[in-house]
Amino acid sequence: MSNFIFTNAGDNMMFEEFQDPINNILKNMEIETSIKLMKPPSSDLGEFCINVNQFARKTNPIDFSNDLLPELQKIKGIEQVSISTLGNPKKPIVFLNFKLETKVKLQILSSKLEDVLTKVHTPTYAYLNTNKGKSIIVEHTSANPISPIHVGNLRNSILGDTYARILSRSGHDVFIHYYVNDVGLQIGFVVVGYEIAVHQLSMEPDLKIDLWTGQIYAIMNCFYTIQKLKQSSVNRGVNIDINYQITDDEKDLMLDSLDTEVSTLIFKNPKIEDMKKLSPSEKHEIKKNKLQIKKLKEEINDIINYQDVFRDLKSRFPELFNALFNNVSEIDLQAKVADYLYKYEHNLDESITKLFREVVDLVLRAFEKTLLRYNIEFDSFDYESDVTWSGLPNKLIDQLAKHENAQVDGQSVRYTYPKASMDNFINNSTLNKSSLPIKGQISDLQLRRSDGTALYAAKDIAYSIQKFEKRTPYKIFNVISTEQTLPQYQMLLPLYELGYEEYASNLHHFAYENVDLLGAVMSGRLAKYITADDYYKESFKRAKSAKEKADKERGVPPASTEEEEELEYESIQAVTLASTRFPLIETSPTKRIELDINRELDFKRNSGPFVQYAHARCNSLIDRVTTQKKITINKNVDFELISDSFIIEIILHLEDIENQIMLAVNDRDPSKIASWVFQLAQYFMKFYENYSVMNAETTELLQARLLVVSAIKIGIATGLDMLGLPAASKL
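A brief look at the structure comes next. Counting restarts for each chain, with residues numbered from 1 along the sequence as it is written. For this predicted model, a pLDDT threshold of at least 70 governs which residues receive local features, and a threshold of 80 or more governs which side-chain atom pairs are given and counted, while totals over whole chains, interfaces and linings are taken from all residues. Note: side-chain values were computed over all heavy atoms of the structure, leaving out hydrogens and water.

Quick notes on the overall build of the protein chain
For step 1, the next point in the chain: The helix and strand tally for the protein chain stands at 26 helices and 13 strands.
For step 2, the next point in the chain: Expressed along its principal axes, the backbone C-alpha trace of the protein chain runs to roughly 100 × 75 × 50 Å.
For step 3, the next point in the chain: Looking at the protein chain as a whole, 51% of its 731 residues qualify as buried.
For step 4, the next point in the chain: A contact between two residues is defined here by any heavy atoms of the two lying within 4.5 Å. Contacts in the protein chain between residues at least 24 apart in sequence constitute 78% of all its contacts with a sequence separation of at least 6.
For step 5, the next point in the chain: All accessible areas in this document rest on Shrake-Rupley with a 1.4 Å probe, and a residue is counted as covered only by the protein chains that are shown. Accessible surface, the protein chain as shown: approximately 35500 Å² in total, 48% of it carbon and sulfur.
For step 6, the next point in the chain: Taking the average place of the 85 positive charges on the side chains of the protein chain and the average place of its 101 negative ones, the gap between the two points comes to 4 Å. The helix count covers DSSP runs of H or I at least four residues long, the strand count covers runs of E at least two residues long, and both are numbered beginning at the N terminus. Type-normalised accessible area, obtained with a 1.4 Å probe on protein chains alone, sets the label of each residue: buried when under 20%, exposed when over 50%, and partly exposed for intermediate values. Only four residue types enter the tally: Lys and Arg on the positive side, Asp and Glu on the negative side, with His and both chain ends excluded. The atom standing in for a charge is NZ when the residue is Lys, CZ when it is Arg, CG when it is Asp and CD when it is Glu.

Structure (structure tokens):
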């Protein structure tokens, strides 16, 4: 059945005027089924068909079709009705195919062409009013302000930005938020390192600030991890100094101690055949041993790896590394980071609060500059520290602690998810019951530690409430990878039990799979990444080089005026954006991407520049025709001149944009718009090859075809706009 299209919309809606006469004939035969018109298996069979099996009941569908033929043939405008079959000859699917009178068909097609082409040329094309007045928040990117935005982060940023643009087209008022994770161990490393480098040593970075803080983070994390590893070894009885580097002799001592402990634990584990004889408590002890062995092996790997990381960072960033090492050696880094984080999280020291915000804001401004290259902006930056200082997280925890689902031990609060509670929430919410992200038991959620510290999950719940109360949106979409599916889902039941039933139903996770880089490994802890800035700059450089090469081959002189230089820059920028944004949109968010940087920067293989080229070619053709023929685009044309099947296909594709917008919104899948605009660009290329505009046989035909080109140009520009891409007028 995949070859047939059931239509509530699309091509056969052109022929919907025939549905009522057919339904009336069926009604006279005491058949109440309301038929839908379908696309026939072959255009030779007619303009539309109906599936007889749907209403033939127990009657043989072929016999039933033969009984219907005389009455159906009487319908005004029908030239011929024929029978065709599909599938098993013994139990075929039977279709009645309707061929229209030529004059009637032309009238219908002309009317459709006029309706769509007129609509495309209005300002309301591809704008829906169904959600007018409804506001939505899209939160995306929210990268930790410690190191530069890299190509892995970019999928989040570009998907979030594109989805917000599509939501705007669907009539929503959209607000774009960025959640600033400024409370946590990673930012603590950067702040302490920054204070040493800038405030104590007066160092000034000679590179973009987020790249520099990324180096600081990697170096300070290395020191911190080595200190913890050495502390662990000392606690195990190894006689070494606790500092921030591991000598070869120290590494041997640390590894020997761990190997001994691992061997002891392995020796304690019984053979598999003896496991059945063990008591539950003994089995629990074995499980603990296995977890401890795993932890110890991870520590062994860290000791080996971080000795290498130390040397690597020292060789790559010698000046910064040595400056930080010499100063950190005078302090207890673990204690200082913990002290600074505690004082910042509780807003106890104005100077420390000022220091944290100084670092975070510098990095955020760098992020803004990076993302602006990609045509991405934000309406609000929301700080985790502000959520913490509001007191709301602990207030919510105290309320949840009184609930029967909570497990309380002193100040520690853990929230559980009994099946009965989840079933009650799901049944009383507006969530799609058939597509719940997690089925089965949900793991417990730690809301507060025993020391009274509210954890990230509690802050997320509080922040969600604040977003709803700040903008009063009817929906919120958090754009975050599928790795965060559980934490995102865990927020809903607590919100519901706190009395925020509507918020729990309208807080949505826009999930996407991560990006794998072909032939590259990125690590913030090693300060190794392909940054979003580098990706853009390399694409821009290649686009410029490609243009210069093409200009030279065609004998086009370099830009000689300021206006020409500006147009050239805009052209290169358009290709750069298309080659960097499009590959991260064209694949469904549910699919993992393997990004080949060299492929994406090859403009002959990248779909984005192809779409840009199609738009530029439309524009060039329109300019050439209107200039040389001294005419303007006229909407009052003879539509019968362009009523052939291929142009109809193009027009129906242009009309389908509203349907694609709604699908993209409902499925949270911007790739539907990318596919739509790419298909439209392909349609134009085929049209350009087969339908001459400049040399059309008559002026009337030229005007009609020119109107089609104009509509395609508007359609491509519309699709590009939703994808956050400029529509290049010249390439």
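There is more to say after this.
Observations regarding the packing of aromatic side chains
For step 1, the next point in the chain: Side-chain rings of Phe, Tyr and Trp (the six-membered ring for Trp) are treated as a pair once their centres are within 6.5 Å; stacked means planes under 30 degrees apart, edge-to-face means over 60, and tilted covers the remaining angles. Throughout the structure, instances matching the rule amount to 34 aromatic pairs.
For step 2, the next point in the chain: Where tyrosine 179 meets tyrosine 456, the ring centres are 6.5 Å apart and the plane angle is 55 degrees; that geometry is what we call tilted. Separated by 277 residues along the polypeptide, tyrosine 179 in strand S5 (residues 173-180) and tyrosine 456 in helix H15 (residues 456-471) bring together distant segments of the chain.
For step 3, the next point in the chain: Of the aromatic side chains, those joined through ring pairs into one cluster are Phe223, Tyr244, Phe310, Phe321 and Phe325.
For step 4, the next point in the chain: Taking the ring centre of tyrosine 127 as reference, the NZ or CZ of arginine 169 above it sits at 4.0 Å.
For step 5, the next point in the chain: Lying across the ring of tyrosine 383, arginine 357 places its NZ or CZ 4.1 Å from the centre. Look at NZ for Lys and CZ for Arg. If either is within 6 Å of the ring centre and within 35 degrees of the ring normal, a charge sits over the ring.

Some words on unusual backbone geometry
For step 1, the next point in the chain: A positive phi angle, close to 70 degrees, is found at threonine 141, a residue other than glycine.
For step 2, the next point in the chain: Summarising the element assignment, threonine 141 is placed in the loop between strand S4 (135-139) and helix H4 (151-169).
For step 3, the next point in the chain: For threonine 141, a relative accessible area of 11% puts it in the buried group.
For step 4, the next point in the chain: At serine 142, a residue that is not glycine, the phi angle is positive and equals roughly 45 degrees.
For step 5, the next point in the chain: Checked against the element boundaries, serine 142 lands in the loop between S4 and H4.

Some points on the side chain of glutamine 490
For step 1, the next point in the chain: Residue position: glutamine 490 is located in helix H16 (residues 485-490).
For step 2, the next point in the chain: Residue class for glutamine 490 comes out buried when judged on its relative accessible area of 5%.
For step 3, the next point in the chain: Setting aside anything within four residues of it in sequence, one finds glutamine 490 in contact with Tyr417, Ile442, Ser443, Asp444 and Leu445.

Section: the pattern of salt bridges
For step 1, the next point in the chain: A side-chain nitrogen of Lys or Arg and a carboxyl oxygen of Asp or Glu constitute a salt bridge if their distance falls within 4 Å. In the structure shown here, the tally under the stated rule is 35 salt bridges.
For step 2, the next point in the chain: Residues joined in a network through salt bridges with shared partners are Lys208, Asp210, Arg373 and Asp533.

Brief notes about helix H9 (residues 318-328)
For step 1, the next point in the chain: The complete set of buried residues in H9 reads Leu320, Phe321, Ala323, Leu324, Phe325 and Val328.
For step 2, the next point in the chain: Buried-residue contacts for H9 involve helix H5 (185-200), helix H6 (209-235), helix H8 (280-316) and helix H10 (333-345).

Observations regarding the environment of methionine 722
For step 1, the next point in the chain: For methionine 722, the position within the fold is in helix H26 (residues 699-722).
For step 2, the next point in the chain: Taking C-alpha positions, methionine 722 is 53 Å from lysine 288, a pair spaced 434 residues apart along the chain.
For step 3, the next point in the chain: Excluding residues within four positions of it along the chain, methionine 722 makes contact with Thr162, Arg165, Ile166, Arg169, Ile657, Ile661 and Ile673.

Brief notes about the sheet that holds strand S11 (residues 507-512)
For step 1, the next point in the chain: Following DSSP output, two strands are said to pair if at least two bridges run between them. The parallel open sheet is built from five strands, whose spatial order is S6-S5-S4-S10-S11. Across the chains shown, the open sheet's two edge strands, defined by having one partner strand only, are strand S6 (380-383) and S11. Each strand axis lies, on average, 30 degrees off the axis of its neighbour in the sheet, ignoring direction.
For step 2, the next point in the chain: Summarising the sheet, S5 and S6 pair through four bridges and their orientation is parallel. Residue pairing across strands places valine 180 opposite tyrosine 383, the latter belonging to S6.
For step 3, the next point in the chain: Only the contacting stretch of a helix is used when fitting its axis, a line to C-alpha atoms as for every element, and angles between N-to-C directions run 0 to 180 degrees. Here helix H11 (residues 350-373) sits on the sheet and contacts S5 and S6; the angle it forms with S6, its principal contact strand, is near 150 degrees.

So, the pairing of S4
For step 1, the next point in the chain: Across the five residues of S4, five count as buried, placing the element largely inside the fold.
For step 2, the next point in the chain: Burial along S4 is two-sided: the face carrying Ser135, Ile137 and Glu139 and the face carrying Ile136 and Val138 are both buried.
For step 3, the next point in the chain: In this sheet, S5 lies alongside S4 in parallel orientation, the contact comprising five bridges. Looking at the pairing, isoleucine 136 lines up with valine 174 of S5.
For step 4, the next point in the chain: Orient the strands so they point away from the viewer; a crossover is then right-handed if the path from the first strand over the helix to the second runs clockwise. For the handedness criterion, the β-α-β arrangement of S4, H4 and S5 is classed as right-handed.
For step 5, the next point in the chain: Sheet topology note: the S4/strand S10 (residues 475-481) ladder contains four bridges and is parallel. Considered in S10, the bridge of valine 138 is made with phenylalanine 477.

Focus: the sheet that holds strand S9 (residues 445-448)
For step 1, the next point in the chain: Within the open sheet, the three strands sit side by side as S7-S8-S9. Their pairing is antiparallel. Single-partner strands in this sheet number two, and they are strand S7 (406-409) and S9. The average angle at which neighbouring strand axes cross in this sheet is 25 degrees, direction not considered.
For step 2, the next point in the chain: In the sheet, strand S8 (residues 412-415) pairs with S9 via three bridges, with the strands oriented antiparallel. Each residue of the ladder has a partner; that of arginine 414, found in S9, is glutamine 446.
For step 3, the next point in the chain: Against the sheet, helix H13 (residues 392-401) makes contact with S7, S8 and S9, and its axis sits at roughly 120 degrees relative to S9, the strand it touches most.

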